[in-house]
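Residues per chain, in single letters:
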Amino acid sequence: QNSIQTLANYGANWIGTGAEGGIAQNCIFKGTTSSLVQISEWYGVDWAGINTDQALANAIINGSNTNPPLEYDQHGINTLEETAQQKIDDAIAFGCLLSGTGSAVSFANYYAQNPGDYPNGIYNGLSCSAVGQAGFLNITFNLNVSGL
């Protein structure tokens, strides 16, 4: 038992039996990184980042092929912010994130703060604050018996 606790303290994972849960196969125990962050949290954050990036690229490509096209203005920024928020909402619905909120710097503020970005087509004003979804690592069950 001490060696298992030592492994857990250092963020190591190990293969063990699933017999306690009535499972015949072996399973991975602990599920943390060496910094003791749950791997499931990073999976969810990665899923949200990858899929949001893809959705934004899709919105820009498809938006450039519509009439009127997606432009680098407040309406275009709002469209991209809504696209990003939809993917964040999907990540929450799929259990990848506990919560998340996307935001965008307005066109006027971004242009005032970064006047050289507009002629180069650069907009770095989208962001997201998110909380990764954690799993169970330890469960305590209390049983009170009376009347014996």
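See the structure shown above.
Because the structure is predicted, anything quoted here is derived from the model rather than measured.

Draft legend 1. Looking closely at the nonpolar core. Core analysis: the largest hydrophobic core is formed by six residues, namely W47, A48, I88, A91, C96 and L97. Among the secondary structure elements, those contributing two or more residues to this core are α2 (39-64) and α3 (74-93). Ignoring anything within four residues of it in the chain, the contact list for W47 reads K87, D90, A91, F94 and C96.

Draft legend 2. Looking closely at a nonpolar patch on the surface. A cluster of nonpolar side chains, namely F141, L143, V145 and L148, defines an oily patch on the protein surface of about 590 Å² accessible area. Topologically, L148 is positioned in the segment after β4 (126-132).

Draft legend 3. View of the packing of aromatic side chains. Under the defined criterion, the tally for this structure stands at nine aromatic pairs. Taken together, a centroid distance of 4.9 Å and an interplanar angle of 55° make the contact between Y72 and Y118 tilted. Of this pair, Y72 sits in the loop between α2 and α3 while Y118 sits in the loop between α4 (107-113) and β4, and the two are 46 residues apart along the sequence. When the centroid spacing of 6.0 Å and the interplanar angle of 75° are considered together, the rings of Y72 and Y123 count as edge-to-face. One end of the pair, Y72, is in the loop between α2 and α3; the other, Y123, is in the loop between α4 and β4, with 51 residues separating them in the sequence. Taken individually, Y72 and Y123 each receive the classification buried, so the pair is uniform in this respect.

Draft legend 4. Summary view of unusual backbone geometry. P68 follows N67 through a cis peptide bond whose omega is 5°. Note on placement: P68 falls in the loop between α2 and α3. Residue K30 is not a glycine yet carries a positive backbone phi of 90°. Locating K30 in the fold gives a position in the loop between β2 (26-29) and α2.

Definitions and limits used
- Residues numbered from 1 in each chain as written.
- Predicted model: local features only at pLDDT ≥ 70, side-chain atom pairs only at ≥ 80, totals over all residues.
- Heavy atoms only, no water.
- Core = buried A, V, L, I, M, F, W, Y, C linked by side-chain atoms within 4.5 Å.
- Buried < 20%, exposed > 50% of the residue type's maximum accessible area, 1.4 Å probe, protein only.
- Helix = DSSP H or I, 4+ residues; strand = E, 2+ residues; numbered from the N terminus.
- Contact = heavy atoms within 4.5 Å.
- Patch = residues over 30% accessible without salt bridge, like charges linked within 9 Å, V, L, I, M, F, W, Y side chains within 5 Å.
- Areas by Shrake-Rupley, 256 points an atom, 1.4 Å probe, with all protein chains shown as cover.
- Salt bridge = Lys/Arg side-chain N within 4 Å of Asp/Glu carboxyl O.
- Phe/Tyr/Trp six-rings, centres within 6.5 Å; stacked < 30°, edge-to-face > 60°.

Don't take any of this as a statement about function, it's just geometry.
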